[in-house]
4 protein chains.
Amino acid sequence: MAIVLGTNRYGKSENRVVRINKDTDRHEIRDMNVSTSLYGDFEEAHTSGDQANILPTDTQKNTSFVFAKTVGVSSIEEYAQALGKHFLEAAPPATRSQIRVQEYAWDRIVVDGQEHDHSWVRRGTETRTAVVTVEGRGDDQQVWVLSGLEDLTVLKSSGSEFQGYLKDQYTTLKETTDRVMATSLTARWRWSDTEGVDFNAVYDSVKALCLAAFARHYSKALQNTLFVMGQDVLEAHPQIAEIRFSAPNKHHFDYDLGQFGLENNNEVFIAADRPYGLIEATVTRDDAAEAGLAWQDARSFV
Amino acid sequence: MAIVLGTNRYGKSENRVVRINKDTDRHEIRDMNVSTSLYGDFEEAHTSGDQANILPTDTQKNTSFVFAKTVGVSSIEEYAQALGKHFLEAAPPATRSQIRVQEYAWDRIVVDGQEHDHSWVRRGTETRTAVVTVEGRGDDQQVWVLSGLEDLTVLKSSGSEFQGYLKDQYTTLKETTDRVMATSLTARWRWSDTEGVDFNAVYDSVKALCLAAFARHYSKALQNTLFVMGQDVLEAHPQIAEIRFSAPNKHHFDYDLGQFGLENNNEVFIAADRPYGLIEATVTRDDAAEAGLAWQDARSFV
Amino acid sequence: MAIVLGTNRYGKSENRVVRINKDTDRHEIRDMNVSTSLYGDFEEAHTSGDQANILPTDTQKNTSFVFAKTVGVSSIEEYAQALGKHFLEAAPPATRSQIRVQEYAWDRIVVDGQEHDHSWVRRGTETRTAVVTVEGRGDDQQVWVLSGLEDLTVLKSSGSEFQGYLKDQYTTLKETTDRVMATSLTARWRWSDTEGVDFNAVYDSVKALCLAAFARHYSKALQNTLFVMGQDVLEAHPQIAEIRFSAPNKHHFDYDLGQFGLENNNEVFIAADRPYGLIEATVTRDDAAEAGLAWQDARSFV
Amino acid sequence: MAIVLGTNRYGKSENRVVRINKDTDRHEIRDMNVSTSLYGDFEEAHTSGDQANILPTDTQKNTSFVFAKTVGVSSIEEYAQALGKHFLEAAPPATRSQIRVQEYAWDRIVVDGQEHDHSWVRRGTETRTAVVTVEGRGDDQQVWVLSGLEDLTVLKSSGSEFQGYLKDQYTTLKETTDRVMATSLTARWRWSDTEGVDFNAVYDSVKALCLAAFARHYSKALQNTLFVMGQDVLEAHPQIAEIRFSAPNKHHFDYDLGQFGLENNNEVFIAADRPYGLIEATVTRDDAAEAGLAWQDARSFV
């Protein structure tokens, strides 16, 4: 038996790259948090300490900023692909790269009914994400793209029930036909193919479809709502292979006003932080192509 | 010399009170974080441990929820006043109360161009605040009201300079006539008189005035921008005595692309977390009435 | 093509279970954050909304607290195994369970040189973790156990270099033979077999080995340090199959005092938040058994 | 009536200054978060935008790092005094300065029973703080010093009761003679005079006295415990004029195991995040000198 190096990667995390486009007086802004990782032949760096194969994380940082200038950021998915492919050229010992991006949205400030040219207020509703994994070179190169959103916080004060569930000796929950349902949605969708995709337009569409499904659908459980969201997204976007959701059930408990002789008809709630239900589901095409490395270490490594 | 009890207060912090109004099918939502404090004759509770004068914090919690039902929340300022006055009735040993409220805004989800009746998405741009302090009973009772906002994050990519400043032997900063200026604004305004005030409408107006001033004003420094904001607010709202701002200068540094033979014409920035400049200022009427207890312990006690 | 449900799970996250053992006057405390997830036949819950197969997350919460009483918490690994196995009995439609636990350590307060019987101060150095996955029933049941630690923050002010690395056109980093190296270590180790293991003792040993390796080893890079840590752990503990690390390189940059005519011999640093290098590696036995489901969704699902 | 500038200040917040002393092979470390503010004649900077009186926050940052080298950090209180006095020399328009410091403690890593010379693990139990305010120049100069600690998290599983309190129609709390009492202590003490004070030694003593009082004292309420802590500190340290505490009552509720036929003799608790009681008190000498500007804006401005 020997002790050996297993899977590993390294890179620069959370580069706060802000790109302003000033081609016209009406500026455009892209505000990103960019993380890069390289996989490859880095055994010596670990075992003997020889760094000859290591392109420094500081160089990866520089490159993230350079590419915001030279390639630009028409979408975070395209920017990340350019960066991911570049690193395999710049670092011959690397065999795979992964670029993870968060993007913060800004709305133009409206002054006298007009959108301002170069002043913004941070939107704050949700964060857009992308994860791009590139493996190999030349004709063998493969690219996997995930798009997503995080922390889209929604609540409905009617149109949600929870009943008919399994019970055991530790079940004390009361069934309900009317409750507050709230969640902070995280979703990622995997592209089967990105030919001709307008990532920005699809992002807006997926977000709108999820919001509409949440609002419109009478929910028998958060699972039920997630499935409807996923269906709507896959039906509208044939190039999306699957979509995964993670949705904390942010509990809003009826406050017991009966002890004071008051009726609480689902009007006064205490919003709880912890614990929360955590509902996680994948909605997929039954003929979806293999995911390959798309999800590999996309969230974290350990 | 003796060791004695000095100023003290106690209460329940961060009650997450959510109030849904269901009088019609078009629900309304108020989502609050409510903190209460009582000042008064609590010496024995500290020195001998006798709790006879202490209305429990648990009772204060219950009352926060009860009042969301019985009084309702037409505005957080009105809800806080009702609660603050009540505690002086409920707890005879109390001589002063302070109610601090944060409110999170929700926008209706739009489905097929229509605002939904009972489904919302959290706005996320900023948090609304109120601090109400009540002292005394009957004809001697005094009430001070602060309204405010927190974390209104704004950025402008032109129309901001910083030059002509004082220099000493440790000054290395380069003067600039074009920079990104960004901040996460906290503001609180003190009411000289609240007779007939529509707190919700004024809140929207103050926020809009601050945003417009930020966008429109050519800024020679963040101090300069804050003063213009304050002027606009005081001119528009005669019942506001003063407004205080705290504004971190969220630095966006030009990334040095010159080392790679590239020009960076204020297009690519690294957004820094820490350190940040912190600019704090009060804009006031020169004949403003005394602030009294309005600002006392409004942020924190220690 | 059909749109179908893919992988999914649900459960209760972040149950803050505190267990005090009062069998003698010298109390013992276990302070945990417990998350539970069930996998299984939950298709109807998603598609038709029928919840008949769903044991509520509220029941999972109750059970987490009940088991702290009935089974106790001799170690988080043993507690999690009991809980994970129980859920497969309680919920026949479930085919797999995963229990994730964080544990916060408390030290006894020392009064007059003596450890106090029932008063503690929170340690704060690091968080202990466990992830247990159970699949199947009866003789076919398989159990995977991960143990770990998070946020063990360490720094060395000498004995670390970084040089000899790969350079490209975007490389501007200066080589250094003396730097501050600091990280906030996350590690997880996978058990090949847990027969007779004293999880608490091994935890203390792994932590001590990692700290000692960090201190003693002259580091040519953070990769190099992680590998040495992993070797020491695997050599000392034959039942550990592999250990994975995630280590942010928390940069401490020499502050440029030269511009003020002062020498900075690695004495004054600015500690940077973002970006940070992120070094991630696995150290494993070359004959380690297959990991199976041990790492599956152990961090997060999406 | 005119609209004018009121109180204001500006500076650089959260400079992460790390100072390593390498005079011998046994290094010493000071890890600080330093914030500086200047008050003075800054009216033009706000009204006309003329920055001639403004010493940039960037210069204040540079100076924070320079002083870590030239003056050193024998204690954060002494470092802050040197910095605060310097700014009144460097910036003639300034009339007052305030320096706020947080310090993070590190323990030496122990290898083979020996403390390592240059490797540390972050302690994590609490953060040390100081606030120094300097006003005026020459013989008229006044200096106020606050020392403190934050986030010292303690818990006792016996020796705490809560009963005999005031009740109204919204009081539902049950009286208890045995409960868990836990808090995350913030304290600040004001020096009447700092002549000959060893700030580091007193810090250790105050922390030890607070911990011992918490452990030893049978508590009739958190108020009662805070008062005892304050008494012990003032009795031991004649140069401390007063001490202020802010202590969240971190509730640990008995989990209701009775519904499952189990007894819960204060053994299984759910630790709640929000809401929490917030108990705040000052313990002072009855002949303490006036506080002057010591507490002015010490926490925050707005």
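1. Some thoughts on the overall build of chain A
What chain A contains, in helices and strands, is 5 helices and 11 strands. Seen through its C-alpha atoms, chain A measures out along the principal axes to roughly 75 × 70 × 40 Å. Taken over 302 residues, chain A has a buried fraction of 65%. Of the contacts formed within chain A by residues at least 6 apart in sequence, a portion of 68% connects residues at least 24 apart. Total accessible area on chain A stands at roughly 10500 Å², and carbon and sulfur atoms take up 42% of it. Treating the 31 positive side-chain charges of chain A as one cloud and the 45 negative ones as another, the clouds have centres 2 Å apart.

2. Focus on the environment of D:Arg122
Residue position: D:Arg122 is located in strand β5 (residues 114-135). Judged by relative accessible area, D:Arg122 falls into the partly exposed class, the value being 25%.

3. Focus on a negative patch on the surface
Residues and elements named next belong to chain A. Together, Asp 41, Glu 43, Glu 44 and Asp 50 make up a region of like negative charge exposed at the surface. By the secondary structure assignment, Glu 44 is in helix α1 (residues 43-47). You can call Glu 44 partly exposed: its relative accessible area is 44%.

4. Details of the side chain of B:Arg108
All names here are of chain B. With respect to the helices and strands, Arg 108 occurs in strand β4 (residues 94-111). What makes Arg 108 buried here is its relative accessible area of 14%. Polar contacts involving the side chain of Arg 108 include one to the main-chain carbonyl oxygen of Asp 117, which spans 2.9 Å. Sequence-distant contacts of Arg 108, defined by excluding residues within four places in its chain, comprise Arg 26, His 27, Glu 28, Glu 115, His 116, Asp 117, His 118, Ser 119 and Trp 120.

5. Considerations on the packing of helix α4 (residues 199-216) of chain D against helix α5 (residues 222-236) of chain D
Residue and element names in this part refer to chain D. Direction vectors running N to C along α4 and α5 enclose 140°, while the axes themselves pass 9 Å from each other. As the angle between them shows, α4 and α5 are arranged oblique. Of the two possible hands of crossing, α4 and α5 adopt the one that is right-handed. Touching Val 206, Leu 209, Cys 210, Ala 213, Phe 214 and Arg 216 of α4 are Thr 225, Val 228, Met 229, Asp 232, Val 233 and Ala 236, all from α5. In the contact of α4 with α5, the residues fall into 9 nonpolar, 1 polar and 2 charged.

6. Thoughts on the pairing of strand β5 (residues 114-135) of chain A
As a general feature of sheets, a regular strand has side chains that alternate between the two faces. The pairing of strand β4 (residues 94-111) of chain A with β5(A) spans 14 bridges and is classified as antiparallel. Each residue of the ladder has a partner; that of A:Arg100, found in β5(A), is A:Val131. Connecting β4(A) to the next strand, β5(A), in antiparallel fashion are 2 residues, including A:Asp112 with a positive phi near 50°. When β5(A) meets strand β6 (residues 142-156) of chain B, the two strands line up antiparallel, connected through 3 bridges.

7. Examining the packing of aromatic side chains
All told, the structure shown has 24 aromatic pairs over all chains when counted by the stated rule. Look at B:Tyr170 and C:Phe260: their rings are 5.4 Å apart centre to centre, the planes differ by 85°, and that puts the pair in the edge-to-face class. Placement of B:Tyr170 in the loop between β6 and β7 (181-191) and of C:Phe260 in the loop between β9 (252-254) and β10 (268-271) is noted, with the two residues assigned to different chains. Given the relative accessible area of 11%, B:Tyr170 is considered buried. For C:Phe260, a relative accessible area of 15% puts it in the buried group. Note on C:Tyr10 and C:Phe42: the rings are 5.1 Å apart at their centroids and 85° apart in plane angle, and the pair reads as edge-to-face. One end of the pair, C:Tyr10, is in strand β1 (residues 3-13); the other, C:Phe42, is in the loop between β3 (28-40) and α1 (43-47), and 32 residues separate them in sequence. Judged by its relative accessible area of 2%, C:Tyr10 falls in the buried class. Just above the ring of A:Trp295 sits the side chain of A:Arg244; from NZ or CZ to the centre is 4.0 Å. Geometry around C:Phe214 places C:Lys156 over its ring, the cationic atom sitting 5.6 Å from the centre.

8. A few points about the confidence of the model for chain A
Predicted confidence across chain A gives a mean pLDDT of 97, with 100% of residues reaching 70 or more. The complex prediction reports pTM at 0.97, with the ipTM value standing at 0.95.

9. Considering the interface of chain C and chain A
On the side of chain A, 86 residues touch chain C, which itself brings 86 residues to the contact. Between chain C and chain A lies a buried interface of about 7300 Å² when both sides are counted; carbon and sulfur atoms form 57% of it. Along the contact surface separating chain C from chain A lie 4 salt bridges. Two residues, C:Arg274 and A:Glu14, come together in a salt bridge whose shortest N-O distance is 2.8 Å. Seen at the junction of chain C and chain A, the total is 36 residue pairs in polar contact (both at pLDDT 80 or more). Sorting elements by how many residues they give to the side of chain C that touches chain A places β1(C) first, with 11 residues. Here the residues of the side of chain C that touches chain A sort into 35 nonpolar, 32 polar and 19 charged. As defined by bridge partners, strand β1 (residues 3-13) of chain A adjoins strand β11 (residues 276-285) of chain C across 9 bridges and the pair is classed as antiparallel. The residue of β11(C) that forms the bridge with A:Tyr10 is C:Ile279.

10. Re the interface of chain B and chain D
A common way to report how large an interface is uses the accessible area buried once the components associate. Across the boundary between the two partners, chain B contributes 86 residues, which contact 86 residues of chain D. In total, chain B and chain D occlude about 7400 Å² of area from one another, counting both sides; carbon and sulfur atoms represent 57% of this. Counting every contact that joins chain B to chain D gives 4 salt bridges. Here chain B and chain D share 36 residue pairs in polar contact (both at pLDDT 80 or more) between them. For the side of chain B that touches chain D, the leading source of residues is strand β1 (residues 3-13) of chain B, giving 11 residues. Within the side of chain B that touches chain D, the residues separate by chemical class into 35 nonpolar, 32 polar and 19 charged.

11. Focus on the relation of the copies chain B and chain D
A rotation about an axis combined with a shift along that same axis relates the two copies of the chain. Superposition of chain B onto chain D requires a rotation of 180° combined with a translation of 0.0 Å along the rotation axis, giving an RMSD of 0.0 Å. In short, the pair behaves as if placed about a two-fold rotation axis. A high fraction, 100%, of the interface residues of chain B reappear at the interface in chain D, so the copies pair face to face through one surface.

Rules of the game
- Residues numbered from 1 in each chain as written.
- Chains lettered and ligands numbered in written order.
- Predicted model: local features only at pLDDT ≥ 70, side-chain atom pairs only at ≥ 80, totals over all residues.
- Heavy atoms only, no water.
- Helix = DSSP H or I, 4+ residues; strand = E, 2+ residues; numbered from the N terminus.
- Buried < 20%, exposed > 50% of the residue type's maximum accessible area, 1.4 Å probe, protein only.
- Contact = heavy atoms within 4.5 Å.
- Areas by Shrake-Rupley, 256 points an atom, 1.4 Å probe, with all protein chains shown as cover.
- Lys, Arg positive; Asp, Glu negative; His and termini not counted.
- Charge placed at Lys NZ, Arg CZ, Asp CG, Glu CD.
- Patch = residues over 30% accessible without salt bridge, like charges linked within 9 Å, V, L, I, M, F, W, Y side chains within 5 Å.
- Salt bridge = Lys/Arg side-chain N within 4 Å of Asp/Glu carboxyl O.
- Polar contact = N/O pair within 3.5 Å; in protein donor to acceptor, adjacent residues only side chain to side chain.
- Axes fitted to C-alpha atoms, helices over the stretch in contact; angles between N-to-C directions.
- Parallel < 35°, antiparallel > 145°, perpendicular 65-115°, else oblique.
- Left-handed = near helix turned anticlockwise from the far one by under 90°.
- Nonpolar A, V, L, I, M, F, W, Y, C, P; charged D, E, K, R; others polar.
- Pairing = 2+ DSSP bridges.
- Phe/Tyr/Trp six-rings, centres within 6.5 Å; stacked < 30°, edge-to-face > 60°.
- Lys NZ or Arg CZ within 6 Å of the ring centre and 35° of its normal.
- pLDDT = per-residue confidence, 0-100.
- Buried area = accessible area lost by both parts, 1.4 Å probe.
- Least-squares fit on C-alpha atoms with pLDDT ≥ 70 in both.

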